[in-house]
Amino acid sequence: LGSVCMIALSGCSNATTGEQVEVIQNGQSFSLDKMIFDLKEEGNNTSIKPDNPSEYYNYYQEYEGYEYYYVKGTLKNTDEEAKDISAYYVESETSGVRDEAKIAVTDEAKSDFIKYIDPGSEVDCYLITLVKDGDEAPDSFHIFSGFNDDNKWKNEIQYNTKFK
């Protein structure tokens, strides 16, 4: 059996921005907060599950009339401390319109989605958004990290998909 993960089906009215924006092209590796992202695969599917699911695992369930668009690769934590994946905010962008997205990571065995990445661990990583059947795939994903004193995001990575 699996545990269901969800992404909201609502658009974002105001574009979120970071103080420092770095634009990354499809297939390029990048670093953010002592984590190295190496995203190589893009695609779509009706649900998202780890590669080697265990008896009980978390997954992103199917929604009628929608499919998930994802960018997949690896994520390595080079910090000396564990990283909480919920500390990062993600949006997708299609033709200038932003929507909520998600970053999801597996354990090292690729059997379940987890919330923390241990120091030195390299895990599978997904950037995921829901797309209505027949709609365009996103042009980019925006990953935000760190707050400044004004409660605004410090860092933003704009990862351009193969559709940009």
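Keep in mind that what you see is a predicted model, and the values were worked out from it rather than measured. (Residues numbered from 1 in each chain as written. Predicted model: local features only at pLDDT ≥ 70, side-chain atom pairs only at ≥ 80, totals over all residues. Heavy atoms only, no water.)

A word on the pattern of salt bridges. In the structure shown here, the tally under the stated rule is seven salt bridges. With a shortest N-O distance of 3.1 Å, Lys 83 and Asp 79 are connected by a salt bridge. Classification of Lys 83 by relative accessible area gives buried; the value is 13%. When its relative accessible area of 17% is taken as the criterion, Asp 79 is described as buried. Across the pair Asp 124 and Lys 110 runs a salt bridge, and its minimum N-O distance is 3.8 Å. Here the residue Asp 124 occupies a position in strand β13 (residues 122-132), and Lys 110 occupies one in the loop between β10 (102-106) and β11 (113-114), the gap between them amounting to 14 residues. It is possible to trace a salt-bridge network through shared partners that takes in Glu 91, Glu 93, Arg 98 and Glu 156. (Salt bridge = Lys/Arg side-chain N within 4 Å of Asp/Glu carboxyl O. Buried < 20%, exposed > 50% of the residue type's maximum accessible area, 1.4 Å probe, protein only. Helix = DSSP H or I, 4+ residues; strand = E, 2+ residues; numbered from the N terminus.)

The subject of this paragraph is the sheet that holds β10. Pairing is antiparallel in the open sheet, where six strands are placed in the order β3-β4-β6-β13-β10-β11. Single-partner strands in this sheet number two, and they are β3 (30-32) and β11. (Pairing = 2+ DSSP bridges.)

Let's shift gears to the packing of aromatic side chains. When we look at a pair of aromatic rings, we describe it by the centre distance and by the angle of the planes. The tally for this structure, following the rule as stated, stands at 11 aromatic pairs. Note on Tyr 60 and Tyr 68: the rings are 6.2 Å apart at their centroids and 75° apart in plane angle, and the pair reads as edge-to-face. Both residues of the pair, Tyr 60 and Tyr 68, belong to the buried class. Taking 6.1 Å as the distance between ring centres and 35° as the angle between the ring planes, the aromatic pair formed by Phe 144 and Trp 153 counts as tilted. (Phe/Tyr/Trp six-rings, centres within 6.5 Å; stacked < 30°, edge-to-face > 60°.)

When pLDDT is averaged along the protein, the result is 87; 90% of the residues meet or exceed 70. Across residues 6-13, confidence stays below pLDDT 50; counting only partners more than four residues off in sequence or on other chains, it has 21 contacts. (pLDDT = per-residue confidence, 0-100. Contact = heavy atoms within 4.5 Å.)

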